Amino acid sequence: MRETLVLNASFEPLATVTLRRAVVLVLQDKAVVEHAHPGLRVRAAEVDLPLPRVIRLCRYVRVPFRRRAPWSRRGVLVRDQHRCAYCGRRATTVDHVVPRSRGGGDTWLNTVASCAEDNHRKADRTPEQAGMRLLKAPFEPTPSDALLLALGAAERDGLPEWLALPA
């Protein structure tokens, strides 16, 4: 299902919602369409509006300051674009750089996406002990970057350049 990015009235990313929820927010005049899918529209008896890709709330919503994006297995896979950190193939699992049995935790800087073969080959060792090299170092995304990453590559490609992820 397509996801729609919700911006606060100040243009900061807040969340992603389903397409259905985005249309409801626009129809209730709680949000406006900032960027739409080209050529796609929602039509009904008395409604004709572009299919929203990015919406902006009409009223500012005060959000508690979040310094860090919450860690999740899905978040790690999305951050690493479903590519194995060891070989570059499609990743389906999450590997701990420092294994949990040796004190490594579930953090952004200690986890990378991995294919099942490399995860099994590395086993309960550090990459150095297993003779494996990380192709990309793990990093901690900001909360707004995590929201943009959650949209997926196909959805991000059509976003306006003022909303694109930093390189």
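Note that this is a predicted model, so its numbers are computed, not measured.

The next subject is the nonpolar core. If you look at soluble globular proteins, the nonpolar side chains tend to sit buried side by side. Listed in full, the nine residues of the largest apolar core are Val6, Val17, Ala22, Leu25, Val26, Ala31, Leu49, Ile55 and Leu57. For this core, the secondary structure elements donating two or more residues are α1 (19-27) and β4 (48-57). Once you skip the residues sitting within four places of it in the chain, Ala22 turns out to touch Thr4, Val17, Pro52 and Ile55. Core analysis: the second largest hydrophobic core is formed by eight residues, Cys84, Val97, Val112 and Ala130 among them.

Here we take up the pairing of strand β2 (residues 13-18). Taken together, the five bridges between strand β1 (residues 3-7) and β2 define a ladder with antiparallel strand orientation. Bridged to Leu7 within β2 is Pro13. As consecutive antiparallel partners, β1 and β2 are separated by five residues, and within that stretch Phe11 has a phi angle of approximately 70°, a positive value.

Turning our attention to the packing of aromatic side chains. Evaluated as defined, the whole model comprises zero aromatic pairs. When the ring centre of Phe139 is taken as origin, the NZ or CZ atom of Arg79, which lies over that ring, is 5.5 Å away.

A word on α1. Inspection of α1 places Leu19, Ala22, Val23, Leu25 and Val26 among the buried residues, and these make up the whole buried set. Each buried residue of α1 sits inside an arc of 160° when the element is viewed along its axis, so together they form one side. Residues of α1 that are buried make contact with β1, β2, β3 (31-43) and β4. Positive phi appears at Asp29, one or two residues downstream of α1, with a value of about 60°.

What follows covers the pattern of salt bridges. Following the criterion strictly, the structure yields eight salt bridges and no others. Linking Arg79 and Asp80 is a salt bridge whose minimum nitrogen-to-oxygen distance equals 2.8 Å. The pair Arg79 / Asp80 is uniform in exposure class, with both members buried. Taking the shortest distance from any N to any O, the salt bridge between Asp118 and Arg121 comes out at 3.3 Å. A residue pair is termed a helical-turn pair when its members lie 3 or 4 positions apart in one helix, as Asp118 and Arg121 do in helix α3 (residues 116-122) at three residues. Bridged by salt links that share partners, the residues Arg41, Arg43 and Asp48 form one connected network.

Note on Asp118: relative accessible area 7%, which makes it buried. In contact with Asp118, other than residues within four places in its own chain, are Cys84, Tyr86, Cys87 and Met132.

Now for the sheet that holds β1. One open sheet accounts for four strands, arranged β2-β1-β4-β3; its pairing is mixed. The two strands at the open ends of the sheet, each matched to only one other strand, are β2 and β3. Neighbour to neighbour, the strand axes of the sheet diverge by 35° on average, direction disregarded. Here β3 pairs with β4 via eight bridges, running antiparallel. Opposite Val32, over in β4, you have Arg56 as the bridge partner.

We now examine the confidence of the model for the chain. Looking at the chain, the pLDDT average stands at 86 and 87% of residues meet or exceed 70. The lowest-confidence element of the chain is helix α6 (residues 153-157), averaging 54 in pLDDT; the highest-confidence one is strand β6 (residues 111-114), averaging 96.

Rules behind the numbers
Residues numbered from 1 in each chain as written. Predicted model: local features only at pLDDT ≥ 70, side-chain atom pairs only at ≥ 80, totals over all residues. Heavy atoms only, no water. Core = buried A, V, L, I, M, F, W, Y, C linked by side-chain atoms within 4.5 Å. Buried < 20%, exposed > 50% of the residue type's maximum accessible area, 1.4 Å probe, protein only. Helix = DSSP H or I, 4+ residues; strand = E, 2+ residues; numbered from the N terminus. Contact = heavy atoms within 4.5 Å. Pairing = 2+ DSSP bridges. Phe/Tyr/Trp six-rings, centres within 6.5 Å; stacked < 30°, edge-to-face > 60°. Lys NZ or Arg CZ within 6 Å of the ring centre and 35° of its normal. Arc of directions from axis to C-beta. Salt bridge = Lys/Arg side-chain N within 4 Å of Asp/Glu carboxyl O. Axes fitted to C-alpha atoms, helices over the stretch in contact; angles between N-to-C directions. pLDDT = per-residue confidence, 0-100.

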